[in-house]
Each structure stands twice: as structure tokens, then as C-alpha cells.
Amino acid sequence: MNQEWILCHQQQRVRTLALNRPEVRNALSNDCLEQLVQQLELADSDSGTGAIVITGSSSCFAAGADLKELQQQTVASAMTDPRPQLWQRLNNISKPIIAAVNGYALGAGCELALACDLVICGENARFGLPEITLGLMPGAGGTQRLIRSVGKALAYQMILTGESIDAYRAREAGLVGEVCPDLTTLERAEQIAQRISEFSPLALRAAKAALKTAQETSLSQGLISERQQFVALAGTTDRQEGITAFLEKRKPTFKGF
């Protein structure tokens, strides 16, 4: 893995990771995905990073998995494929992740966007899971996350027809939080990431954990988890600082403990 397929940039407390395989439209091969996960884990463990942005190029976020890898796959090799573990490691990142999407986010690229916490996209963005057209189906969370994001009707339509949707349909359906002019997508995502990164790392981690629980469990279990996270924050210095700063009409200084 001597190719630099992930470009990293740090500005204040925001770490931006850019997919860098333009010759294959940022296809997520196993090696590329591993590099991305490694960089995410480095950012997650860095106290100087509060939020993470994942982006591609101005014309393509990521066009899918690496078809040459899939072409060589057998049942046996699929059963021992490291990809599920890589996606699970990505899912374990505790800091907020924002996807800044321009152009195509298809297949594994769409699954990557779905795995992020927020999605900001340009007007030229398109989202789709076209695996069915290749005799395949989504295998990195696409069927599970899409239906939770956009609902039954649209998820079935997109996955069973392989058709993609544009930026505005994605926003209406709940897949995307905000649509921007193409040239400002990354800037806007980094602005949002900067705002998020100024808050208490402990509160952000707790809020993200509670939100993920809401997607995966029942309401009653989610409420229990939410309360547990809320109570855990009661003993933190950051919570006291946040309340004190508000009462004193000043900006809080969060320390992460």
C-alpha cells in the first residue's frame, strides 16, 4: 500500500480526508478503504481533532467498489474478505464525520456517505446503489442504512432498479442535510465541521452514540441509552464549564474531561 490514496489536511480542529484515485473515479478498493479507515482512526485518537470531513473530487465522490477485485472474488474469498471488518472499524469512529459530496456517490461510495453522520452535497451530486445491474446487491450496509435514511418506498426503488437520485431528491428524502453550489460544498462542510469541533468532545461523543443507538434499537432502549449518556456527562468538567459560561455570557472553553 505505497499509493497515497487518501490526502489529509488539518485546519484548526477539523481533519479533512480526500479520496485520491481519480483514474478509477475514487473506487474503494480494499487497500484504499483500509487507508481511509486508518486515517479516520488516527483522527479519532487525536485530541487536536474535533470533527472529520470526507470528500472526493469536484466531479466524483466515489463511484463504487473496485470491480476488478469483485471480478476475482469467489464464495470462499468473499467469506474471508476483510471489507466487513474495515466498515465496522469505520462505524466505530466516535467523532462526528461529515461527507462532502460532489458528483457521483454510487455503490460503495453511496454506502460511505450513508455511514457518515452528516452529508453535505453539491447541486451536481447523485446518489445510487446500482449493484443490481451487475448481478450483485449492496454489501456494505447499503440496504440497511438507506431504508433507515429515506424510508421503504424510495429505498426499494433505488436498490431494486439501480436508479440514482439527484441532490434535491436526496435532501427531500433525508439522505442529505444541505445542498450547496458545487464550488462551495467542501467549504460548507468544513464550516459545519468547525462549528461542531468547538463543542465538548465528551458531549459530541455521547450525542453521536445516542443517535446511533436510535437507529439500531427500539424507542424504549434508545431512551435508556440516551439517559445513561446524559447522566455520564453530569460528572464532567466540560458540562460545568458550558453551563457556567452561558450564565456568565461568555464563550466556553472545553477541555475534553
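Owing to the predicted nature of the structure, the values given are computational and were not obtained by experimental measurement.

**What about the domain arrangement of the protein chain?**
Per the domain assignment, the segments making up the protein chain are domain 1 (6-198) and domain 2 (201-248). Using C-alpha coordinates to define each centre, domain 1 is positioned 26 Å away from domain 2. On the side of domain 2, six residues touch domain 1, which itself brings twelve residues to the contact. Both sides of the domain 1 and domain 2 interface together cover about 700 Å² of buried area, and 44% of this is carbon and sulfur. The three residues of domain 1 that bury the most area against domain 2 are Asn91, Ser94 and Arg148, which together make up 50% of that side's buried surface.

**Some remarks on the packing of helix H4 (residues 83-91) against helix H5 (residues 108-115)**
Running from N to C, H4 and H5 cross one another at 30°; their axes reach a closest spacing of 11 Å. By the criterion of interaxial angle, the relationship of H4 to H5 is roughly parallel. Taken as a pair, H4 and H5 cross one another with a handedness that is right-handed. Contact residues: H4 offers Arg83, Trp87 and Leu90, while H5 offers Ala108, Glu111, Leu112 and Ala115. When its residues are assigned to classes, the contact of H4 with H5 shows five nonpolar, no polar and two charged.

**Focus on the nonpolar core**
The biggest cluster of nonpolar side chains holds 49 residues, and the ones touching the most others in it are Leu36, Leu40, Phe61, Val101, Leu112, Phe127 and Leu146. In this structure, Val101 is in contact with Phe61, Ala113, Val119, Ile120, Cys121, Gly122, Ala125, Phe127 and Thr185, ignoring residues within four places of it in sequence. If you look at the next biggest cluster of nonpolar residues, it comprises twelve residues, including Val14, Ala100, Ile120 and Cys180.

**Some remarks on unusual backbone geometry**
Of note, the phi angle at Arg25 is positive, near 55°, even though the residue is not glycine. Note on placement: Arg25 falls in the loop between strand S2 (14-19) and helix H1 (30-45). Its identity is not glycine, yet Asn26 carries a phi of approximately 60°, on the positive side. Note on placement: Asn26 falls in the loop between S2 and H1.

**Describing the sheet that holds strand S6 (residues 104-106)**
If you walk across this open sheet you meet the four strands as S4-S6-S8-S9, and the pairing is mixed. The outermost strands of the open sheet, each flanked by one partner alone, are strand S4 (60-62) and strand S9 (165-166). Bridging between S4 and S6 involves two bridges; their strand directions are parallel. Its bridge partner lying in S6, Cys60 is registered against Tyr104.

**Structural notes on the pattern of salt bridges**
As enumerated under the stated definition, the model contains seven salt bridges in all. Across the pair Glu241 and Arg250 runs a salt bridge whose closest N-O atoms are separated by 2.7 Å. The exposure class of Arg250 is partly exposed, given its relative accessible area of 34%. Linked by salt bridges that have partners in common, Glu241, Glu248 and Arg250 make up one network.

**Focus: the packing of aromatic side chains**
In total, this model carries zero aromatic pairs according to the counting rule given. The ring of Trp5 is capped by Arg21, whose NZ or CZ atom sits 4.6 Å from the centre of that ring. Positioned above the aromatic ring of Tyr104, the side-chain terminus of Arg25 is 5.9 Å from the ring centre.

**Digging into the sheet that holds S2**
An order of S1-S2-S3-S5-S7-S10 is seen for the six strands of this open sheet, with the pairing classed as mixed. Edge positions in the sheet fall to strand S1 (6-11) and strand S10 (178-180), since each has one partner strand and no second. If you compare each strand with its neighbour and ignore which way they point, the axes differ by 20° on average. Note that S1 and S2 share six bridges and pair antiparallel. Residue pairing for S2: Gln11 is matched across the bridge by Val14.

**Side note on the packing of H5 against helix H6 (residues 142-150)**
Packing of H5 against H6 leaves a shortest axis separation of 10 Å and a crossing angle of 55°. The orientation of H5 relative to H6 falls into the category oblique. Remark: the crossing between H5 and H6 carries left-handed chirality. The residues of H6 that touch H5, namely those facing Glu111, Leu114 and Ala115, are Gly142, Arg145, Leu146 and Ser149.

Rules used throughout
In this numbering scheme, every chain counts its residues from 1 along its sequence in written order. Side-chain atom pairs in this predicted model are given and counted only at pLDDT of 80 or more, local residue features only at pLDDT of at least 70, and totals for whole chains, interfaces and linings cover all residues. Heavy atoms from the whole structure form the basis of all side-chain values; hydrogens and water molecules are not counted. Segment limits for the domains were obtained from an automatic or database-derived domain assignment. Here, two residues are considered to be in contact whenever any of their heavy atoms come within 4.5 Å of each other. Each of two parts loses accessible area, computed with a 1.4 Å probe, when they are put together; buried area is these two losses added. Note on method: axes are straight lines fitted to C-alpha atoms, helices fitted across the in-contact stretch only, with angles between N-to-C directions ranging 0 to 180 degrees. Counting from the N terminus, the helices are DSSP H or I runs at least four residues long and the strands are E runs at least two residues long. Each angle gets one of four labels, with under 35 degrees taken as roughly parallel, over 145 as roughly antiparallel, 65 to 115 as roughly perpendicular, and the rest as oblique. Working rule for handedness: look at the near helix, and if it is turned counterclockwise from the far one by less than a right angle, call the crossing left-handed; if clockwise, right-handed. Three classes are used, and their members are as follows: Ala, Val, Leu, Ile, Met, Phe, Trp, Tyr, Cys and Pro are nonpolar, Asp, Glu, Lys and Arg are charged, and the others, Gly among them, are polar. In these notes, a set of buried Ala, Val, Leu, Ile, Met, Phe, Trp, Tyr and Cys residues joined through side-chain atoms within 4.5 Å is what counts as a nonpolar core. Exposed residues in this analysis have more than 50% of their type's maximum accessible area, buried residues have under 20%, and partly exposed residues fall in between, with area computed by a 1.4 Å probe over protein chains only. Strands qualify as paired when DSSP identifies two bridges or more between them. In the sections that follow, a salt bridge refers to a side-chain nitrogen of Lys or Arg positioned within 4 Å of a carboxyl oxygen of Asp or Glu. Side-chain rings of Phe, Tyr and Trp (the six-membered ring for Trp) are treated as a pair once their centres are within 6.5 Å; stacked means planes under 30 degrees apart, edge-to-face means over 60, and tilted covers the remaining angles. For a Lys NZ or an Arg CZ to count as sitting over a ring, it must be within 6 Å of the ring centre and within 35 degrees of the ring normal.

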